[in-house]
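Observations on the three-dimensional arrangement
Listed here are the chains, written in short residue letters.
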Amino acid sequence: MIDQRLLRTDLDGVKAALSRRNRPAIIDDVAHAARLDARLRDIQAERDDIRARVNSISKEVGQLHRDGKPDEAQTLQAESKNLGGTESGLVGEYDEVSAALRDLLLGIPNLPHEAVPGGANEDDNPVVIGPIAHHSTYPEWQRVPHWETAAALGILDNERAAKISGSMFTMQRGAGATLARALCQFGLDQNADVHEEVRPPSLVSTATLTATGQLPKFADDAYAIERDDLWASPTAEAPLTSIYANEVLDDTELPIRLMAHSSSYRREAGSAGRDTRGMLRSHEFDKVEMMAYATPEQAPGLLDDMVQRSERAVAALRLPYRVIEICAGDMGQSHHRSFDVEVYAPGADAWLEVSSVSWLGDYQARRANIRFRRHDENGKLIKGSEFAHTLNGSALAVPRVWAAIVENYRNEDGSVTIPDVLHPYMRGAVRITAD
RNA sequence: GGAGAGGUGCCAGAGCGGCCGAAUGGGAUGCCCUGCUAAGGCAUUGACCCUCCGGGGUCCGUGGGUUCAAAUCCCACCCUCUCCGCCA
């Protein structure tokens, strides 16, 4: 949620920033929100005025009763009752306008950082790092899609996954399952130096998904467990960001850096039939996510660090990769600035998004009500609080890295070599063969 | 799932429908006393919203209701704890 106060202090600035997202409807919403905000303050002022009078009359009434003057109290009571009627009318109107404003604000995306490149869609995302370790040509035996190699090696059984759960579910078997788990362990170990490992719940509340921005706008993308008013978490970003919801942190404990291995559940509404072969897109996948709570000053440095960590993971796996920056027209609704890490898969001949690292500003913290307090130079707590900044990024998303390994590490005989850094997690296996 | 107890400020904990944004104790901060320490004295100490910067408003788990007036009465829900049941 953007800062409501900006609507009155810098409406033109908000409109200018959001116009870079290349969706004119947003600007209309902003203008509408500004009108509602002004209306709301008028109602509030009027309502508070009446409440102030009711409060003071009530005090007088109490005093008069104690002084044994019930007649005078009677007159005041009548006046107060009258005011009460007016007040409840205003309250009704206030609730109505404020609900409408909140709905509108929840749908307005975050302001892009000024450094975010302009652009209309994903075709305009500039490559900012790389390509690294990318070859101009690949031998024939690496030009085999991973689903073919995986089928031949018996390490991926999506047909039976469909029997169990329906289409767009994957199931790894044998060394393929071990490889998936090895990647998770590797992803965690790579980042354990500064991140606390968390194992959060997979089913989360409506409030939790609203805080990170998946709700209310993208409800169709998440699995709902309606009977219990829970949702299957689409990313560990959601539970990790709500860990400190409704809390006031201390600037001395920031940044707080967390990581979690979790399963992510996505309905992928509207994308049926696209990129659905093999491991490219599925309803459930494993991922190691990083998340940080920070002061506004710490955030840019943490963003860089997170991008480097995502990069380091694919570099350590010796996969061809590049980093792109997401342009204003392609950024996610909550994002202030974002980078994607992509690996090259020679079999599918495609760059696969394996990580997305984002700085959310205070957009999520405002929704989740996560604040922090500062200390002055003498170590004394300063009065008041402000919203924290949040950042998150995938340390390692299993399926596409798994696919890229199966394609890049395919040998001429159809076997797949295990990348060196994964050896410790593979129970001694260094190569996946058909038997 | 059943029975019971409870949710109040940084913490503990009191609170007759009006004198309650809230006793008391602890903690924290400042000042005083003391050679230092220990101990003591005094004072301060919540958040948020609006503001014509005078002030006004909201918040005692959440949401409703009763009343001129609700932390206090009524209803619903949520959460925590104890016991029982079930269970990986």
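What counts and how
Residues numbered from 1 in each chain as written. Chains lettered and ligands numbered in written order. Predicted model: local features only at pLDDT ≥ 70, side-chain atom pairs only at ≥ 80, totals over all residues. Heavy atoms only, no water. Helix = DSSP H or I, 4+ residues; strand = E, 2+ residues; numbered from the N terminus. Buried < 20%, exposed > 50% of the residue type's maximum accessible area, 1.4 Å probe, protein only. Contact = heavy atoms within 4.5 Å. Areas by Shrake-Rupley, 256 points an atom, 1.4 Å probe, with all protein chains shown as cover. Lys, Arg positive; Asp, Glu negative; His and termini not counted. Charge placed at Lys NZ, Arg CZ, Asp CG, Glu CD. Pairing = 2+ DSSP bridges. Near = heavy atom within 4 Å. Polar contact = N/O pair within 3.5 Å; in protein donor to acceptor, adjacent residues only side chain to side chain. Nonpolar A, V, L, I, M, F, W, Y, C, P; charged D, E, K, R; others polar. Domains from an automatic or database assignment. Buried area = accessible area lost by both parts, 1.4 Å probe. Axes fitted to C-alpha atoms, helices over the stretch in contact; angles between N-to-C directions. Parallel < 35°, antiparallel > 145°, perpendicular 65-115°, else oblique. Left-handed = near helix turned anticlockwise from the far one by under 90°. Salt bridge = Lys/Arg side-chain N within 4 Å of Asp/Glu carboxyl O.

Moving on: the overall build of chain A. The secondary structure content of chain A amounts to 12 helices and 16 strands. In terms of its C-alpha atoms, chain A occupies a principal-axis envelope of roughly 100 × 45 × 45 Å. Out of the 435 residues in chain A, the part that is buried amounts to 49%. Taking the contacts inside chain A whose residues are at least 6 apart along the sequence as the reference set, 74% of them involve residues at least 24 apart. Taken as a whole, chain A presents about 20,600 Å² of accessible surface, with 47% of it coming from carbon and sulfur. Side chains of chain A carry 48 positive and 66 negative charges; the gap between the two charge centres is 2 Å.

Turning to the pairing of strand E9 (residues 321–325), a few remarks are in order. Burial analysis of E9 places 5 of its 5 residues in the buried class, the great majority of the element. Residues Tyr321, Val323 and Glu325 line one face of E9 and the alternating positions Arg322 and Ile324 line the opposite face, and both faces are buried. Relative to strand E10 (residues 337–345), E9 is paired through 5 bridges, and the arrangement is antiparallel. Pairing of Arg322 across the sheet is with Glu342, part of E10.

Time to look at the protein's contact with RNA strand B. Taken together, 21 residues are adjacent to RNA strand B, and Arg8, Asp48, Ser58, Ser80 and Ser385 come closest. One of the side-chain N or O atoms of Lys383 is found 3.5 Å from a phosphate oxygen in RNA strand B. Elements with a minimum of two residues in the surface near RNA strand B: helix H3 (24–66) and helix H4 (70–107). Top element by residues in the surface near RNA strand B is H3. It accounts for 12 residues. For the surface near RNA strand B, the per-class residue count stands at 2 nonpolar, 9 polar and 10 charged.

Turning our eyes to something else, we now look at the domain arrangement of chain A. Here the domain parsing of chain A yields domain 1 (6–107) and domain 2 (122–432). Each of domain 1 and domain 2 was reduced to a C-alpha centroid, and the two centroids are 43 Å apart. Between domain 1 and domain 2, the buried area comes to about 680 Å², and carbon and sulfur atoms account for 44% of it. The class makeup of the residues in the side of domain 1 that touches domain 2 is 1 nonpolar, 2 polar and 4 charged.

Inspection of the secondary structure puts Ser358 in strand E11 (residues 350–361). Looking at Ser358, its side chain comes within polar contact range of the side chain of His335, at 3.4 Å. In this view, Ser358 contacts Leu303, His335, Arg337, Ser338, Thr390, Leu391 and Asn392; residues no more than four positions away in its chain are not counted.

As a further point, take the environment of Asp229. By secondary structure assignment, the location of Asp229 is in the loop between strand E4 (224–225) and strand E5 (230–232). Separated by 24 residues in sequence, Asp229 and Ser205 place their C-alpha atoms 6.7 Å apart. In this structure Asp229 touches Ser205 and Thr206, once residues within four positions along its chain are discounted.

Most of strand E8 (residues 284–294) is tucked away, with 9 of its 11 residues classed as buried. In the sheet, E8 pairs with strand E14 (residues 389–397) via 8 bridges, with the strands oriented antiparallel. Among the inter-strand pairings, Val288 is bridged to a residue of E14, identified as Leu396.

What follows deals with the side chain of Asp37. As for its position among the elements, Asp37 is in helix H3. For Asp37, a relative accessible area of 2% gives the class buried. A distance of 3.0 Å separates a polar atom in the side chain of Asp37 from a polar atom in the side chain of Gln4. Residue contacts for Asp37: discarding those within four places in its chain leaves Gln4, Leu7, Arg8 and Leu101.

Orientation of helix H2 (residues 11–19) relative to H3, taken along the N-to-C sense of each, is 160 degrees, at an axis distance of 9 Å. On the basis of their axis angle, the class for H2 and H3 is roughly antiparallel. Crossing of H2 against H3: the hand is right-handed. Here Leu11, Val14, Lys15, Leu18 and Ser19 of H2 lie close against H3, whose contacting residues are Ile26, Ile27, Val30, Ala31 and Ala34.

Turning next to the pattern of salt bridges. The tally for this structure, following the rule as stated, stands at 22 salt bridges. Measuring nitrogen to oxygen at the nearest pair gives 3.7 Å for the salt bridge that ties Arg366 to Asp3. Here Arg366 is found in helix H11 (residues 363–368), whereas its partner Asp3 is found in the segment before helix H1 (6–9), with 363 residues between them in sequence. In this structure, the salt-bridge partner of Arg281 is Glu268, at a minimum N-O distance of 3.1 Å. Of the two residues, Arg281 sits in the loop between strand E7 (256–265) and E8 while Glu268 sits in the loop between E7 and E8, which places them 13 residues apart along the sequence. Classification of Glu268 as buried rests on a relative accessible area of 16%. The network of salt bridges with shared partners includes Asp3, Arg5, Asp362 and Arg366.

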